[in-house]
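Per-entry structural report
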Amino acid sequence: MVSQPEVARGPVAPVASAPIASVVPVASVVPVAPIDPAGLAESLLPFGESRMLPRAAYVDPAIFSWEQKHFFDGGWSCVAFSAELANPGDQRAVPVGPGSVLLSRDDDGILRAFANTCRHRGHELLPCGGSAQRPSIVCPYHSWTFELDGGLKTAKGFKGTPGFDESQWGLISLPVTEWRGLIFVDGSGKATPMEPALAELDELVAPYEPERLVIAGRHSYDAAANWKILTENYHECYHCPMIHPELCRVSPPRSGENYQPSGPWVGGWMDLRAGMDTMSLDGSSLGVPLRGLDATGLRTVIYVNIFPNVLLSLHPDYVMTHLLTPLAADRTLIECTWAFAPEAVDTPGFDPGYAVEFWDITNRQDWGACESVQRGLTSEHAVPGPLSPDEDAVYQFVTQVARGYSGQPPWHKPATTQRAGAAAVS
Ligand code: FES
Ligand SMILES: [Fe+2]
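It should be emphasised that the depicted structure is a prediction, and the values quoted were computed from it without experimental measurement.

**Quick notes on the overall build of the protein**
From N to C terminus, the protein includes 10 helices and 18 strands. Counting across all 426 residues of the protein, residues that qualify as buried make up 55%. The long-range fraction of contacts in the protein, counting pairs at least 24 apart against all pairs at least 6 apart in sequence, stands at 69%. Per element, the accessible surface of the protein, about 17000 Å² overall, is 56% carbon and sulfur.

**A word on the pattern of salt bridges**
Here the structure, examined in full by the defined rule, presents 13 salt bridges. One salt bridge connects Glu211 with Arg180, and the closest N-O pair in it is separated by 3.0 Å. Of this pair, Glu211 sits in the loop between α4 (199-205) and β12 (214-223) while Arg180 is found in the loop between β10 (176-179) and β11 (182-186), placing the two residues 31 residues apart along the sequence. Sharing partners across several salt bridges, the network here consists of Glu209, Arg212, Arg291 and Glu343.

**Some details on the coordination of the iron ion (ligand 2)**
Six octahedral donors around a metal ideally sit at 90 or 180 degrees from one another, while four tetrahedral donors ideally sit at 109.5 degrees. Listed as protein donors to the iron ion (ligand 2) are His239 (NE2), His244 (NE2), Asp366 (OD) and Asp366 (OD); their distances from the metal cover 2.0 to 2.7 Å. For the iron ion (ligand 2), the 4 donor atoms in the first shell make angles of 53 to 147° at the metal, a pattern classed as irregular. Read N to C, the donor residues that coordinate the iron ion (ligand 2) are spaced as H-x4-H-x121-D. Note that His239 is positioned in the loop between α5 (227-234) and α6 (240-243) and Asp366 in helix α9 (residues 353-377), a separation of 127 residues in sequence. His239 sits in the buried class, given a relative accessible area of 12%. For Asp366, a relative accessible area of 4% corresponds to the buried category.

**Looking at α5**
Where burial is concerned, most of α5 is hidden: 8 out of the 8 residues are buried. By the burial criterion, the buried members of α5 are Trp227, Lys228, Ile229, Leu230, Thr231, Glu232, Asn233 and Tyr234.

**Here we look at the pairing of strand β3 (residues 99-105)**
Most of β3 sits inside the fold, with 6 of its 7 residues counted as buried. Pairing of strand β2 (residues 90-96) with β3, which is carried by 6 bridges, proceeds in the antiparallel orientation. Note that in β3 the partner of Gln91 across the bridge is Ser104. Counting the residues in the hairpin turn of β2 and β3 gives 2 residues, including Gly97, whose phi is positive at 60°.

**A short note on the sheet that holds strand β6 (residues 137-138)**
Pairing is antiparallel across the open sheet formed by 3 strands, whose spatial order is β6-β7-β8. Each edge of the open sheet is held by one strand with a lone partner, namely β6 and β8 (152-154).

**Some words on the environment of Phe71**
Along the chain, Phe71 turns up in helix α3 (residues 61-72). A relative accessible area of 3% means that Phe71 is categorised as buried. In sequence terms Phe71 and Pro410 are 339 residues apart; their C-alpha atoms lie 9.2 Å from each other. Excluding anything up to four places from it in sequence, Phe71 contacts Trp66, Trp227, Phe307, Pro308, Val401, Gly404, Tyr405 and Pro410.

Quick notes on the rules
Residues numbered from 1 in each chain as written. Chains lettered and ligands numbered in written order. Predicted model: local features only at pLDDT ≥ 70, side-chain atom pairs only at ≥ 80, totals over all residues. Heavy atoms only, no water. Helix = DSSP H or I, 4+ residues; strand = E, 2+ residues; numbered from the N terminus. Buried < 20%, exposed > 50% of the residue type's maximum accessible area, 1.4 Å probe, protein only. Contact = heavy atoms within 4.5 Å. Areas by Shrake-Rupley, 256 points an atom, 1.4 Å probe, with all protein chains shown as cover. Salt bridge = Lys/Arg side-chain N within 4 Å of Asp/Glu carboxyl O. Donors = N, O, S within 2.8 Å, 3.2 Å for Na, K, Ca; no water. Tetrahedral: all angles 85-135°; square planar, octahedral: opposite > 155°, others 65-115°. Pairing = 2+ DSSP bridges.

Function cannot be read off these values alone, since they describe shape.
So this is what it looks like as structure tokens:
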């Protein structure tokens, strides 16, 4: 049994060897978002005095376009699971910002990412969301064919054409990395490496070994709410007594504490009630405890969000992941997965339903609330409200966004805006 590191509980201490504060995983020169700067200044006031983001952040298509370009296509964002591209020849086109990226796994197991645009006349190599399994990448328009490493293999009719140099017409490569079973792409091609910025978080997540787990449950939701409303909701349990009776039965809504990270993430942990083994309708687990957890890990659930679009919920016996893909200012695709230890999944009769059903109920309660917030914010009378003492993780996320809108690295936190506070998350 591996003990969780000290960093796993309470405020997170900086990791001395990782120069996290200097990491700027979005392009270093980012234009300011077209949003009221006075409103952003209010969002960036110290916790306890600040306000939520200006209403435009949730309803204005111009802000949505800016976010797509500068948050989702301007640095690292999560696009898929490693398990979805496990084998040589696996290919998949995934949305990244306003466009899409083609992922491919080569014969040596190396994962690559390319701009999803053919070098001939620009046709998509795969439709966004589509996948293929074959030894080369074939454009469906005029059949230009590329190696899995992106090099041009054949261009029908061009053989011997004077001046045509095949080596010049390979696919456009983009940075891609795998972290704990998740695939991240840097759509800008300019971001600094992601792993150093996640060093602190990696210490928290490592005992759960999500890269070893097997996805056994999956749900897609199409929520009529802005992606930030969903994330803000995830970061507080202030709402739990009102809308989550099932959750409150297994986890005290005011338990736990939020971390004070210096990287591109926000999160906290909550306790399980006495006698409850995990988050399920009756608190019992029909899986097996994850092998790397210590006694504390077996009594708590960790909730973290990696900016901008992935939520990781680490349970004693499973990991739930929400992958958010913004579709419009008022619409978000949420792909939710539940992953369990292989020794649990291999057990005859294993049924992930105990976890899936619990969170499907809770997810739908959350999306209902978030959609109502979205509708409420369409009112021109809506003005940014204050945050409760239990919403300090919401504050951390809101200030990330506000700093990003201001053209700053989202997770550079001036000392004046930091204040420790206890709160629950869900
Ligand atoms: S656009 Fe791809 S082969 Fe013509
Ligand atoms: Fe909730």
